[in-house]
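Examining the three-dimensional arrangement
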Protein chains: 2
Amino acid sequence: MDLKQLSASLGLSPTTVSRALNGYPEVSERTRERVIEAAKEVGYEPNVTARRLARGAVDAIGIVHPTGAGHLDDPRFLEVVDGLTERFSKAGIDLLIASARQKEEVATYKRLLQGRRVDGFIVHHTRRVDPRLDYLQECGAPFVAYGRTDTPDSYAWFDFDNALGSSLAVRRLQEFGHRRIAYMHAPLELHFAYQRYQGYLDAMHAAGLPVDPGLVVPAGFGRRGGYEAMKTLLDRAEGPTAVIVDNNLCGVGVLRCALDAGLKIGRQLSLIVYDGVPVDSVVTSVQVTSIEQPTSYAVGVQLAELMIGVLAGQPVQELQTLWSPRIAAGSSDGPISEH
Amino acid sequence: MDLKQLSASLGLSPTTVSRALNGYPEVSERTRERVIEAAKEVGYEPNVTARRLARGAVDAIGIVHPTGAGHLDDPRFLEVVDGLTERFSKAGIDLLIASARQKEEVATYKRLLQGRRVDGFIVHHTRRVDPRLDYLQECGAPFVAYGRTDTPDSYAWFDFDNALGSSLAVRRLQEFGHRRIAYMHAPLELHFAYQRYQGYLDAMHAAGLPVDPGLVVPAGFGRRGGYEAMKTLLDRAEGPTAVIVDNNLCGVGVLRCALDAGLKIGRQLSLIVYDGVPVDSVVTSVQVTSIEQPTSYAVGVQLAELMIGVLAGQPVQELQTLWSPRIAAGSSDGPISEH
DNA sequence: TTGTATGCGTTATCAT
DNA sequence: ATGATAACGCATACAA
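Since this is a predicted model, take the numbers as computed values, not measurements.

Quick notes on the rules
Residues numbered from 1 in each chain as written. Chains lettered and ligands numbered in written order. Predicted model: local features only at pLDDT ≥ 70, side-chain atom pairs only at ≥ 80, totals over all residues. Heavy atoms only, no water. Helix = DSSP H or I, 4+ residues; strand = E, 2+ residues; numbered from the N terminus. Rg over C-alpha atoms; globule rule 2.2 N^0.38 Å. Buried < 20%, exposed > 50% of the residue type's maximum accessible area, 1.4 Å probe, protein only. Contact = heavy atoms within 4.5 Å. Polar contact = N/O pair within 3.5 Å; in protein donor to acceptor, adjacent residues only side chain to side chain. Near = heavy atom within 4 Å. Nonpolar A, V, L, I, M, F, W, Y, C, P; charged D, E, K, R; others polar. Expected span 1.5 Å × (residues − 1). Axes fitted to C-alpha atoms, helices over the stretch in contact; angles between N-to-C directions. Parallel < 35°, antiparallel > 145°, perpendicular 65-115°, else oblique. Left-handed = near helix turned anticlockwise from the far one by under 90°. Buried area = accessible area lost by both parts, 1.4 Å probe. Salt bridge = Lys/Arg side-chain N within 4 Å of Asp/Glu carboxyl O. Least-squares fit on C-alpha atoms with pLDDT ≥ 70 in both. Pairing = 2+ DSSP bridges. UniProt positions renumbered as here; feature names shortened; annotations may be inferred. Right-handed = clockwise from strand over helix to strand, strands pointing away.

Below, the discussion takes up the overall build of chain A. A count of helical and extended segments in chain A gives 12 helices and 12 strands. Relative to its length of 339 residues, chain A is extended, with a C-alpha radius of gyration of 25 Å against a globular reference of 20 Å. In terms of its C-alpha atoms, chain A occupies a principal-axis envelope of roughly 85 × 40 × 35 Å. The buried share of chain A, taken over its 339 residues, is 52%. The long-range share in chain A, meaning contacts at least 24 apart out of those at least 6 apart in sequence, stands at 68%.

This next bit is on the side chain of Glu105 of chain A. Residue and element names in this part refer to chain A. Relative to the elements of secondary structure, Glu105 occurs in helix H6 (residues 105-114). Polar contacts involving the side chain of Glu105 include one to the side chain of Arg132, which spans 3.4 Å. Filtering out sequence-adjacent residues up to four positions away, Glu105 remains in contact with Pro66, Ala100, Arg127 and Arg132.

This part covers the protein's contact with DNA strand D. With respect to spatial proximity, 26 residues lie near DNA strand D, and among them Leu3, Ser18, Tyr24 and Arg51 of chain A together with Thr16 of chain B are the closest. Per the 4 Å cut-off to the protein, sugar and phosphate atoms form 62% of the nearby atoms of DNA strand D. Leu3 of chain A places a polar main-chain atom, nitrogen or oxygen, 2.6 Å from a phosphate oxygen of DNA strand D. Mapped onto the surface near DNA strand D, the elements with two or more residues apiece are helix H2 (14-21) and helix H4 (48-55) of chain A together with helix H2 (14-21) and helix H4 (48-55) of chain B. A per-element tally of the surface near DNA strand D places H4 of chain A first, with four residues. Residues that form the surface near DNA strand D fall into these classes: 10 nonpolar, 10 polar and six charged.

Further remarks concern the protein's contact with DNA strand C. In the vicinity of DNA strand C, 26 residues are found, and the nearest of them are Thr15 and Thr31 of chain A together with Leu3, Ser18 and Tyr24 of chain B. Backbone sugar and phosphate groups make up 60% of those atoms of DNA strand C lying within 4 Å of the protein. Between DNA strand C and Thr15 of chain A there is a distance of 2.9 Å, counted from a base oxygen to a side-chain nitrogen or oxygen. Within the side chain of Asn22 of chain B, a nitrogen or oxygen atom sits 3.1 Å from a phosphate oxygen of DNA strand C. For the surface near DNA strand C, the secondary structure elements donating two or more residues are H2 and H4 of chain A together with H2 and H4 of chain B.

Quick reminder: α-helices carry 3.6 residues per turn. Residues three or four places apart thus point the same way. Residues and elements named next belong to chain A. Relative to the 22 Å expected for 16 residues at 1.5 Å per residue, helix H9 (residues 191-206) spans 22 Å between its end C-alpha atoms, a close match to the ideal helical length. Summarising the contacts, the buried residues of H9 are in contact with strand E5 (156-160), helix H8 (162-175), strand E6 (181-185), strand E7 (216-218), strand E8 (242-245) and strand E9 (270-274). At the exit of H9 stands Gly208, carrying a positive phi of roughly 75°.

This brings us to the packing of H4 of chain A against H4 of chain B. Running from N to C, H4 of chain A and H4 of chain B point in directions that differ by 135°, and their axes come no closer than 9 Å. Between H4 of chain A and H4 of chain B, the interaxial angle falls into the category oblique. The two elements H4 of chain A and H4 of chain B meet at a crossing, and its hand is left-handed. Contacts between H4 of chain A and H4 of chain B involve Thr49, Ala50, Arg52 and Leu53 of chain A from the first element and Thr49, Ala50, Arg52 and Leu53 of chain B from the second.

At the interface, 50 residues of chain B touch 49 residues of chain A. Across the chain B/chain A interface, buried area totals approximately 4600 Å², and carbon plus sulfur atoms make up 53% of it. Summed over the shared surface of chain B and chain A, the number is four salt bridges. With its nearest N and O atoms 2.8 Å apart, the salt bridge here joins Asp94 of chain B to Arg117 of chain A. One can count 14 residue pairs in polar contact (both at pLDDT 80 or more) joining chain B with chain A. Only H4, helix H5 (75-90), strand E2 (94-100), helix H6 (105-114), helix H10 (223-235) and helix H11 (248-260) of chain B provide two or more residues apiece to the side of chain B that touches chain A.

Taken as rigid bodies, chain B and chain A are interconverted by a rotation of 180° and an axial shift of 0.1 Å, the fit giving an RMSD of 0.2 Å. These values place the two chain copies in the arrangement generated by a two-fold rotation axis. Looking at the rotation axis and the C-alpha trace of chain B, the residue lying nearest is Leu96 of chain B, at 2.3 Å. Here 98% of the contact residues of chain B are again contact residues in chain A; the copies associate through an equivalent surface.

Neighbouring strands of a sheet are bound in pairs by backbone hydrogen bonds; such pairs are parallel or else antiparallel. Residue and element names in this part refer to chain A. One open sheet holds the six strands; their spatial order is E7-E6-E8-E9-E10-E12, and the pairing between them is mixed. Both outer strands of the open sheet, E7 and strand E12 (326-328), are each paired with one neighbouring strand and no more. Taking each pair of neighbouring strands and ignoring which way they run, the sheet shows an average axis angle of 20°. Examined bridge by bridge, E8 and E9 share four bridges and lie parallel to one another. Within E9, the residue paired with Ala242 across the bridge is Ser270.

In this section: the UniProt feature "domain: HTH lacI-type" (unreviewed entry) in chain A. Here the UniProt-annotated "domain: HTH lacI-type" (unreviewed entry) positions come out as residues 1-55 of chain A. As annotated, residues 1-55 of chain A comprises 69% helix and 0% strand, and the C-alpha atoms at either end are separated by 21 Å.

To continue, consider the pairing of strand E4 (residues 143-146) of chain B. Every regular strand shows the same layout, with side chains that alternate between the two sheet faces. All names here are of chain B. As defined by bridge partners, strand E3 (residues 120-123) adjoins E4 across three bridges and the pair is classed as parallel. In the strand pairing of E4, Ile122 is matched with Val144. Read from E3 through helix H7 (residues 131-138) to E4, the crossover connection turns out right-handed. Relative to strand E5 (residues 156-160), E4 runs parallel, the two being bridged by three bridges. Paired with Val144 across the strands is Ala156, a residue of E5.

Here we take up the packing of helix H10 (residues 223-235) of chain A against helix H11 (residues 248-260) of chain A. Residues and elements named next belong to chain A. One can describe the packing of H10 onto H11 by two numbers: an axis separation of 6 Å at closest approach and a directional angle of 45°. With respect to each other, H10 and H11 are oriented oblique. Relative to H11, H10 is oriented so that their crossing is right-handed. Counting all contacts with H10, which are made through Arg223, Gly226, Tyr227, Met230, Lys231 and Leu234, the residues of H11 involved are Leu249, Cys250, Val252, Gly253, Val254, Arg256, Cys257, Ala258 and Asp260.

Put into structure tokens, the structure is as follows:
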């Protein structure tokens, strides 16, 4: 059943039916009701392809994720996608998911855009200098970045105040009396990792604490990496009394290692982990103090909201969202104590 | 640059240019070369929306995943998606991802289909009786199921020989001399869980081993569930000498629990886990014997391949793929021994 | 308030 | 081998 048939069955022109269904004001209420009723009755659904061609907009947003990049298994990604689709579907927007080998990323954006497969993009895992954003800005394509680059003024973005999270953690540990505060991080070319790291450095300096390079350890994104990194720290002559970990899978490994070493968490070693330790962890004895952020689902919804703003032509300066993390206190940190 | 402009610049009609680019045979080789050259030169990309409208096909496949269903955080899902997009993109097919609350799943399929947003679907996590497949068959929509239902003859599907995997595990343990073989499983309304469970039962019977209902434990999809379930088993007067776990996150929990209880894995307790224990686990001392299946990426590629067959009108009976798992021996199982 | 005519960028049909 | 013309199904400028 298409528009022509529907309108014929009602004795109206396709134009009027179209207007009635799309909420145009110049249709009489009586007619609108009749039309909507009939449309529901016969189960009419407009052909989106035709509508798209006529309107020149696709009502689809793309999200490109790098193949074999390691954060593929990031469970959060799917949660974000969930928030995106939820919000987008309300606006009649489709979410297109594409994958690209890391070298071909920009080419993929180009292909999707030039074939008019999408109106714009959600770009995630931004890097400090990011050729994808450069390309999209160059050709004026709508996009929202999940995470800022070094030059965040000229586009729409969502981000957490990553530096703040680390600062809060350092300040808290410092108030407990810690001085030797270790820091474990994901690769620093990822901007969130970089920002969190900067927050750590700044807060350490502000607190007048020395930063021992040996206590700053790249530990990647995984449990295993965290475990190994922690083992290295524990082997040192002068180990840390507290550890901050910039991502939670890594944090699980750190916790595990500390427990295996027989340390009393919260007394002999203080631990603060970004995003906390996942609910589905086998470790239940310790409630890990965490730097807490809104759920990834909420992030997805917000990203979609921003995208809709961009598509509506809102100035990008109004479309920059920064959410602040906060500390959720657990039992994994406290004053220094030797027993 | 659209088709009209391109053709004008070549002094040809849009028709000829279209034919040349789409590989129609009735174009002279000379013309074709000229056209392809020019198209590349100016970076012409056909407008897919217009093409779709003209051809009446969307070249897009949908995948609907249930919101808040617990397997959202299934890392494998993204790997499958990766394989799908990879294969689909070669065929010029888009992958649309939508989410739906569990009650609204069928309605979502309906909406996507009637609005001609997609040509067909990949349906995953099939249940033994699955209203989604019923609906899609009813309205004749193309789809490929990842997992069979109770009536698998009339549609295209991909599946693992789930029963076989459990049988292999039971047989192996039986040959080691085990008799009290426990089985932990995900919810049985998921067909893969049901099939694996049936394989366990059948193999136990075939081996002449008694099935103690107390040794068959629903343990869900997570580490925590596995940990708790294992604790329950260990508390029993007559516990198992071997455990089979039907999913690997759960298996991590089981392993952890057994280690915490001080058991020597492979001697005091044998363990076989579907898909093995994830590489990024902190447990490195034990190499878990696993029921091994091809990667989820490969599954994705195969699913896409099947879908392309369906769209091409191939008979569904030729589009049913069953892959067999095999045992990858590790150090987590062996003959019974008390020390 | 409603209808007519035209356009969106392709592909397909039927000539030539 | 190439071209003119008509779909594809909807939205919209313009007319009534």
